[in-house]
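# Architecture and fold: a report
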Amino acid sequence: MPSQNEEHTCALCKRKVPVTTVHHLTPREEGGKDKPTADLCIPCHKQIHHLFTNRELVVLGLTTIEALLQAPKIASYVKWIRKQPATVIPKSKKSRHVRKAK
């Protein structure tokens, strides 16, 4: 069992954080069940899914960390989140087009 003080590194923002979540780079519902994953901090993981639908992630080719970092919306977010304390989970909400896609 991991210790409470163990640090993890977010594959997107590179911050040392207390916990990461598994992000399927190709969403499971788009055929990514057995494809590569990345360990992301909670804020980065939320932000990806608040900005893009699962379908958009595939159609736009945002299925690698490198591709995500090239997306202007993600790049500006990563630049900002890197300056935030690792223990803070900022409030965010889904963009209008993502909410409409549901």
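Since this is a predicted model, take the numbers as computed values, not measurements.

What counts, and at which threshold
Residues numbered from 1 in each chain as written. Predicted model: local features only at pLDDT ≥ 70, side-chain atom pairs only at ≥ 80, totals over all residues. Heavy atoms only, no water. Buried < 20%, exposed > 50% of the residue type's maximum accessible area, 1.4 Å probe, protein only. Helix = DSSP H or I, 4+ residues; strand = E, 2+ residues; numbered from the N terminus. Contact = heavy atoms within 4.5 Å. Arc of directions from axis to C-beta. pLDDT = per-residue confidence, 0-100. Patch = residues over 30% accessible without salt bridge, like charges linked within 9 Å, V, L, I, M, F, W, Y side chains within 5 Å. Areas by Shrake-Rupley, 256 points an atom, 1.4 Å probe, with all protein chains shown as cover. Salt bridge = Lys/Arg side-chain N within 4 Å of Asp/Glu carboxyl O. Lys, Arg positive; Asp, Glu negative; His and termini not counted. Charge placed at Lys NZ, Arg CZ, Asp CG, Glu CD. Disulfide = S-S within 2.5 Å.

Across the ten residues that make up helix α1 (residues 42-51), a large majority, seven, are buried. For α1, every residue scored as buried is listed here: Pro 43, Cys 44, His 45, Gln 47, Ile 48, His 50 and Leu 51. Residues of α1 that are buried in the fold lie against β3 (20-24), β4 (37-41), α2 (54-59), α3 (65-70), α4 (72-81) and α5 (96-101).

A few words on α4. All buried positions along α4 are accounted for by Ile 74, Tyr 77, Val 78 and Ile 81. Along the axis of α4, the buried residues cluster in a sector spanning 100°; they form a single face. Exposed residues lying more than 90 degrees from the buried face of α4 are Pro 72 and Lys 79. Buried residues in α4 make contact with α1 and α3.

Right, let's talk about the confidence of the model for the protein for a bit. For the protein, per-residue confidence averages 91 on the pLDDT scale, and residues scoring 70 or more make up 94% of the total. Model confidence for the protein, summarised as mean pLDDT per element, is weakest for α5 at 81 and strongest for α3 at 97.

With that settled, the discussion passes to a positive patch on the surface. On the surface, Lys 93, Arg 96, Arg 99 and Lys 100 cluster together into a positively charged patch. Counting through the fold element by element, Lys 93 comes out in the loop between α4 and α5. Judged by relative accessible area, which is 66%, Lys 93 ranks as exposed.

A separate point is the state of the cysteines. As enumerated under the stated definition, the model contains zero disulfides in all. Cys 13 takes part in no disulfide bond, and the closest cysteine sulfur to it belongs to Cys 10, at a distance of 3.7 Å. Its relative accessible area of 2% is what places Cys 13 among the buried residues. The cysteine Cys 44 is free of any disulfide, with Cys 41 supplying the nearest cysteine sulfur at 3.5 Å. Relative accessible area serves as the criterion here: at 1%, Cys 44 is assigned to the buried category.

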